Amino acid sequence: MISLGQLTTHILDVSVGKPAAQVRIDLYKVEKGGSEEEQTAKKLLSLTTNSDGRCDEPLLSGADFVAGQYALEFHIGEYFDAIGLSLPTPKFIDIAVIRFGIADGDANYHVPILVSPYGYSTYRGS
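Attention in this report is confined to the structure presented alongside it. Note that the coordinates shown come from a computational prediction; the quantities given were computed from them, not determined experimentally.

Digging into the side chain of His10
At step 1: Secondary-structure assignment places His10 in strand 1 (residues 6-13).
At step 2: In terms of polar contacts, His10 uses its side chain to reach the backbone carbonyl oxygen of Asp52, at 3.1 Å.
At step 3: One polar contact links His10 to Arg54, side chain to side chain, over a distance of 3.3 Å.
At step 4: With near-sequence residues (within four places) excluded, His10 lies in contact with Asp52, Gly53, Arg54, His110, Val111, Pro112 and Ile113.

Side note on the pattern of salt bridges
At step 1: As enumerated under the stated definition, the model contains six salt bridges in all.
At step 2: Two residues, Arg24 and Asp26, come together in a salt bridge whose shortest N-O distance is 3.3 Å.
At step 3: Residue classification places Arg24 among the partly exposed positions, given a relative accessible area of 27%.
At step 4: For Asp26, a relative accessible area of 2% gives the class buried.

Brief notes about the nonpolar core
At step 1: Among the nonpolar cores identified, the biggest contains 27 residues, and Leu7, Ile11, Leu72, Phe74 and Phe100 are the most heavily contacted of them.
At step 2: Residue assignment for this core shows that the elements contributing at least two residues are strand 1, strand 3 (24-32), strand 6 (68-74), helix 1 (76-82), strand 7 (96-102) and strand 8 (109-116).
At step 3: Apart from residues lying up to four places away in sequence, Leu7 is in contact with Leu27, Pro58, Leu59, Leu60, Phe65, Phe100, Tyr109 and Val111.

A look at the packing of aromatic side chains
At step 1: The final tally for this structure, using the stated rule, is four aromatic pairs.
At step 2: Plain terms: the ring middles of Phe65 and Tyr109 are 6.0 Å apart, the flat faces sit at 45° to each other, and that makes the pair tilted. Linking Phe65 in the loop between strand 5 (60-61) and strand 6 with Tyr109 in strand 8, this pair joins segments that are 44 residues apart in sequence. Comparing Phe65 with Tyr109 shows no difference in burial state: the two are buried.
At step 3: When the ring of Tyr70 is compared with that of Phe100, the centres are 6.1 Å apart and the planes differ by 25°; the resulting orientation is stacked. Linking Tyr70 in strand 6 with Phe100 in strand 7, this pair joins segments that are 30 residues apart in sequence.
At step 4: Taking the relative accessible area as the measure of exposure, Tyr70 reaches 1% and is therefore buried.

Some points on the pairing of strand 8
The side chains of a regular strand alternate between the sheet's two faces.
At step 1: A large share of strand 8 lies buried, amounting to seven of its eight residues.
At step 2: Inspection of the sheet shows strand 1 paired to strand 8 by seven bridges, in the parallel sense. Note that in strand 8 the partner of Ile11 across the bridge is Ile113.
At step 3: Sheet analysis places strand 8 next to strand 9 (residues 119-122), joined by four bridges and oriented antiparallel.

Rules behind the numbers
- Residues numbered from 1 in each chain as written.
- Predicted model: local features only at pLDDT ≥ 70, side-chain atom pairs only at ≥ 80, totals over all residues.
- Heavy atoms only, no water.
- Helix = DSSP H or I, 4+ residues; strand = E, 2+ residues; numbered from the N terminus.
- Polar contact = N/O pair within 3.5 Å; in protein donor to acceptor, adjacent residues only side chain to side chain.
- Contact = heavy atoms within 4.5 Å.
- Salt bridge = Lys/Arg side-chain N within 4 Å of Asp/Glu carboxyl O.
- Buried < 20%, exposed > 50% of the residue type's maximum accessible area, 1.4 Å probe, protein only.
- Core = buried A, V, L, I, M, F, W, Y, C linked by side-chain atoms within 4.5 Å.
- Phe/Tyr/Trp six-rings, centres within 6.5 Å; stacked < 30°, edge-to-face > 60°.
- Pairing = 2+ DSSP bridges.

Here it is, written out as structure tokens:
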């Protein structure tokens, strides 16, 4: 049976009040290893946001959308460099990581992120 749900994201830059375009995003599937502390992360895809701060296609859908633990890496340091923002080295936040679980393969999971050079926040959207 193919899942009906999908995974999407959206990035808003609250420091300038607009969508964050051309942000590189990496998606990982996190698997438990042999021991309880051991975990591995398998990279599933890498893409960039469009001019609206969204991805043109769902990150996961159909047969690829399965329950489990995942991680999204948002390369916001590169984004702030690209828009010409002068930040100290090293940047306070270079890569914003959100680790989350998908429990229901038939539900939509939207993981939006609000970013600034000094913080970020997320929630489960619809």
